[in-house]
Amino acid sequence: MASSSSSSIKAILSSPLTSSPASHSSTKPSSLLSFLHTTTTTSTPISLKLSSQPPLNSRPRFVVNNVVLKTQTSPETSVSSNYSQQHSTTPTILVSEKLGEAGLEVLRGFGHVECSYDLSPDQLCSKISSCDALIVRSGTKVSRQVFEAAKGRLKVVGRAGVGIDNVDLQAATEFGCLVVNAPTANTVAAAEHGIALLAAMARNVAQADASIKAGKWQRSKYVGVSLVGKTIAVMGFGKVGSEVARRAKGLGMNVIAHDPYAPADRAHALGVDLVSFDQAISTADFVSLHMPLTPATSKVFNDETFAKMKKGVRIINVARGGVIDEEALVKALDSGIVAQAALDVFTVEPPPKDSKLVQHENVIVTPHLGASTKEAQACVAIEIAEAVVGALKGELSATAVNAPMVPPEVLSELSPYVVLAEKLGRLAVQLVAGGSGIKSVKVVYRSARDPDDLDTRLLRAMITKGIIEPISASFVNLVNADFTAKQKGLRISEERIVVDSSPEFPIDSIQVQISNVESKFASGVSDNGDVSIEGRVKYGTPHLTCVGSFAVDVSLEGNLILCRQVDQPGMIGLVGNILGVHNVNVSFMSVGRTAQRKMAIMAIGVDEEPNKEALIKIGDVPAIEEFVFLKL
């Protein structure tokens, strides 16, 4: 029995219960986010259930219990060693559609780049299991089957452009794959193309060009309409839509816009009135489409919509073809409700050669050229390449589309608190003993700022990551944190408390409470019966400041030993001597006590992992009532 216990203890103390090597850094926030560190191999769970077999009627000095996290599919999941298994090879990046050479150079500087164009769905699924990243444009469908075929290796999908309707975001999120796009690089190019189509349509440029090349001279047939004084409705007031509005104002047009999510002050700053959908389409002379393709916008321009428009309206679409019911548009053109249409996008690309819409004499078309300028292509390639490389490094991209959209300035401000949040989660879960499983976690943020000004989504995700990964075979990142918590039946609630401190710092402290569980360190239980720890950032470094009801001051670096002891002289020297004899370097010590000469908590930071003999000797010190060894 003793032999079994010894080997089990060794497995526990050497098993990677916490983060990857990157998460020990306090100077590089991007690596601490540990977004995309994953594994493609199957790990063997390490059992943590053991006892040091104390004599009858004696108090156990050192007991490590199995921590159980209840899931929907399995009665329990024990600690797995897979978290530390990292791909040591150079990442492979698959580029499935043409990308500018400048972007390819960025990618080649980081990993192995494979350019394979015009892949069939089956070919893509066949290749993807050996790839860490995939870069597409609009022609490649990244379906659920692709993520399933990747078998967990695919870490990031980069969309070289704005629209992401060709990527199954739900599947990406479930598989923990980050999806990033390049929303800014081609904004001006797309807006310019919209204006080019607007002017070309109004003056019949394409038809007149074809006519004169056919040997005709039909000046009277191609009389156009003026833009000055006309009303244009910009449907979708995002980056491209607002740039189109800016240019339309410069042409002397009256600009209105519809976008349920656009801030009114931004529109007013450009001299644009935000109006309802029906008001926009019923009053406009020109309707310019700049909305994404979603279930809500699919074929939103249909028979019913066209019937509400002013007779003789003209339509420009440089967004997504699917937002228009193309059969309905043909009917509206034939009836004269729509006088002309200028289209850069289509429901099916390329459209059928016999398409009635494409062949209509009052329609001018281009083959999805919105982003096709030399400058935009180079900028898009660089932007998406940098986003993909950043994601592979573990950095949070500001262009992530299936993760909390955290502005760069907020990321910078929160970076040390991100580290604190994950480490508090990892510490809290290591204080939990076996029992009914972890089901309820409460996170309390104390801050001088108004609760509405504190965005905690990123912090919540990292606490979730810290709690789940050490006791589960699951890989958790910012992308799938909420989904994984829900899947495992883990409820995480948040509370924000306003305190009288400096508003210069976003957060004063973070407290993690785990309810309805047993603790393997009784002093880690607060007065209300929850396992509770609290921390704050001091001088840019995360610190543990409270364990249960005991105040401590511990830098969260390396490993940690927590001891509950009788408050008496010589304890620091005694424990320090034991560790020194076993060649374990002490980085710091901190003592928190309830009252003089009564109970105290001694927190000891150590660089190395103490062996079994050292830990047993610490437990044999008469004044030490309990202790626990934790890995950060």
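By convention here, each chain's residues receive numbers from 1 onward along its written sequence. Reporting in this predicted model follows two pLDDT cut-offs: at least 70 for local features of residues, and 80 or more for side-chain atom pairs to be given and counted; totals over whole chains, interfaces and linings ignore these cut-offs and use all residues. Side-chain numbers come from the whole structure's heavy atoms, not from hydrogens or water.

The name an unreviewed UniProt entry gives the protein is D-3-phosphoglycerate dehydrogenase, with Fagus sylvatica as the organism. UniProt positions are given in the numbering used here, feature names are shortened, and annotations may be inferred rather than shown by experiment. UniProt, in the comment section headed Sequence similarities (unreviewed entry), describes the protein in these words: "Belongs to the D-isomer specific 2-hydroxyacid dehydrogenase family." On record in UniProt, under Pathway (unreviewed entry), the comment for the protein is "Amino-acid biosynthesis; L-serine biosynthesis; L-serine from 3-phospho-D-glycerate: step 1/3."

### Here we look at the overall build of the protein
Helix and strand content of the protein: 20 helices and 22 strands. A simple rule labels every residue: compare its accessible area, found with a 1.4 Å probe on the protein chains alone, to the largest value its type can have, and call it buried under 20%, exposed over 50%, or partly exposed in between. For the protein, with 632 residues in total, the buried portion stands at 54%. In the protein, 68% of the contacts between residues at least 6 apart in sequence involve partners at least 24 apart. Carbon together with sulfur atoms contributes 52% to the accessible area of the protein, which is approximately 27400 Å² in total. In this text, helices come from DSSP runs of H or I with a minimum length of four residues, and strands from runs of E with a minimum of two, each type numbered from the N-terminal end. Note on contacts: a residue pair is in contact if any heavy atoms of the two residues lie within 4.5 Å. Here the Shrake-Rupley method, with its probe set to 1.4 Å, supplies the accessible areas, and only the displayed protein chains count as covering residues.

### What to know about the packing of aromatic side chains
Ring pairs shown here join Phe, Tyr and Trp side chains whose ring centres sit within 6.5 Å, with only the six-membered ring taken for Trp; geometry is labelled stacked below 30 degrees between planes, edge-to-face above 60, and tilted in between. Scanning the model with the defined rule gives two aromatic pairs in all. Judged by centre distance (6.5 Å) and plane angle (20°), the rings of Phe-147 and Phe-175 are stacked. A residue pair is termed long-range when its members are at least 10 positions apart, and Phe-147 in helix H5 (residues 144–150) and Phe-175 in the loop between helix H6 (169–174) and strand E5 (178–181) qualify at 28 residues. For Phe-175, a relative accessible area of 32% puts it in the partly exposed group.

### Points about the side chain of Lys-631
Relative to the helices and strands, Lys-631 resides in strand E22 (residues 624–631). Any pair of nitrogen or oxygen atoms within 3.5 Å is treated as a polar contact; in protein, a donor-acceptor pairing is required on top of that, and neighbouring residues in sequence qualify only through side-chain atoms on both sides. For Lys-631, the side chain forms a polar contact with the side chain of Glu-609, separated by 2.7 Å.

### Examining the environment of Val-136
Looking at the secondary structure, you find Val-136 in strand E3 (residues 133–136). On a C-alpha basis, the gap between Val-136 and Asn-181 in space is 9.6 Å, while along the polypeptide they are 45 residues apart. The residues touching Val-136, leaving out its near neighbours within four places in the chain, are Ser-96, Glu-97, Val-142, Gly-158, Arg-159, Ala-160 and Asn-166.

### Description of unusual backbone geometry
Note on backbone geometry: most residues besides glycine have negative phi, and most peptide bonds are trans. With an omega of -5°, the peptide bond running from Glu-349 to Pro-350 counts as cis. Of note in the backbone geometry, Asp-118 takes a positive phi value of approximately 55° without being a glycine. Here Asp-118 lies in the loop between strand E2 (112–115) and helix H4 (121–128). One non-glycine residue, Lys-299, lies in the positive phi region at around 50°.

### So, the sheet that holds strand E17 (residues 541–547)
Taken in spatial order, the six strands of this open sheet run E14-E13-E15-E16-E17-E18, and their pairing is mixed. Either end of the sheet is taken by a strand with one partner, and the two such strands are strand E14 (491–498) and strand E18 (550–555). Going from strand to strand, the sheet's axes swing by 20° on average, the running direction of each strand aside. Both E17 and E18 contribute to a ladder of four bridges, which runs antiparallel. Bridge pairing in E18 places His-543 opposite Ser-555. Where helices are involved, their axes are fitted lines through C-alpha atoms of the stretch in contact, as for all axes, and angles between N-to-C directions lie from 0 to 180°. The strands touched by helix H17 (residues 457–468) are strand E13 (440–447), E14 and strand E15 (509–515); relative to E13, the strand with the most contacts, the crossing angle is about 140°. A pair of strands counts as paired when DSSP detects no fewer than two bridges linking them.

### Details of the nonpolar core
In these notes, a set of buried Ala, Val, Leu, Ile, Met, Phe, Trp, Tyr and Cys residues joined through side-chain atoms within 4.5 Å is what counts as a nonpolar core. If you look at the biggest cluster of nonpolar residues, it comprises 79 residues, and the most contacted ones within it are Leu-107 and Leu-544. Considering each element in turn, this core owes the most residues, ten residues, to helix H16 (residues 408–430). Dropping the residues within four chain positions of it, Leu-107 is found in contact with Ile-93, Val-95, Leu-99, Val-113, Ile-135, Ala-385, Val-388 and Val-389. In terms of nonpolar packing, the next biggest core, distinct from the first, is built from 30 residues, Val-287, Leu-289, Val-300 and Val-330 among them.

### Notes on the pattern of salt bridges
Salt-bridge detection follows one rule: a side-chain nitrogen of Lys or Arg within 4 Å of a carboxyl oxygen of Asp or Glu. Within this structure, the stated rule accounts for 29 salt bridges. Its salt-bridge partner being Glu-613, residue Lys-617 comes within 3.7 Å of it at the nearest N-O pair. Of this pair, Lys-617 and Glu-613 both sit in helix H20 (residues 612–619), four residues apart, roughly one helical turn. Overall, Lys-617 belongs to the partly exposed group, its relative accessible area being 38%. Through salt bridges with shared partners, a single ionic network connects Glu-422, Arg-426, Lys-465 and Glu-469.

### Considerations on the packing of helix H7 (residues 187–202) against helix H9 (residues 239–250)
Each packed pair of helices is defined by two parameters, the angle between the axes and the distance between the axes. Remark: H7 packs on H9, axes separated minimally by 8 Å, with the N-to-C direction vectors making an angle of 50°. Regarding the angle of H7 to H9, the classification is oblique. Here H7 runs over H9; the crossing is right-handed. Counting all contacts with H7, which are made through Thr-187, Val-188, Ala-190, Ala-191, Glu-192 and Ile-195, the residues of H9 involved are Lys-239, Val-240, Glu-243, Val-244, Arg-247 and Ala-248. Three classes are used, and their members are as follows: Ala, Val, Leu, Ile, Met, Phe, Trp, Tyr, Cys and Pro are nonpolar, Asp, Glu, Lys and Arg are charged, and the others, Gly among them, are polar. Per-class residue counts for the contact of H7 with H9 are seven nonpolar, one polar and four charged. Our angle categories are set so that under 35 degrees counts as roughly parallel, over 145 as roughly antiparallel, 65 to 115 as roughly perpendicular, and the remainder as oblique. Left-handed is the label given to a crossing in which the near helix is rotated counterclockwise from the far helix by less than a right angle, and right-handed is the label when the rotation is clockwise.

### Some points on H17
Residue count minus one, scaled by 1.5 Å, sets the expected span of a helix. Along its twelve residues, H17 runs 16 Å from first to last C-alpha, staying within 8% of the 16 Å computed at 1.5 Å per residue. Most of H17 is tucked away: eleven of the twelve residues are buried. Three or more residues of H17 are buried, namely Leu-458, Leu-459, Arg-460, Ala-461, Met-462, Ile-463, Thr-464, Lys-465, Gly-466, Ile-467 and Ile-468.

### Describing the packing of helix H3 (residues 101–108) against helix H15 (residues 374–392)
One can describe the packing of H3 onto H15 by two numbers: an axis separation of 7 Å at closest approach and a directional angle of 15°. Regarding the angle of H3 to H15, the classification is roughly parallel. As H3 runs across H15, the sense of the crossing is right-handed. Across the interface between the two elements, Ala-102, Gly-103, Val-106 and Leu-107 from H3 touch Ala-381, Ile-382, Ala-385, Glu-386, Val-388 and Val-389 from H15.

### Let's talk about the environment of Ala-257
With respect to the element layout, Ala-257 can be found in strand E7 (residues 254–258). On the basis of relative accessible area, Ala-257 is assigned to the buried category, the value being 0%. Along the sequence, Ala-257 and Val-234 sit 23 residues apart, while their C-alpha atoms lie 4.5 Å from each other.

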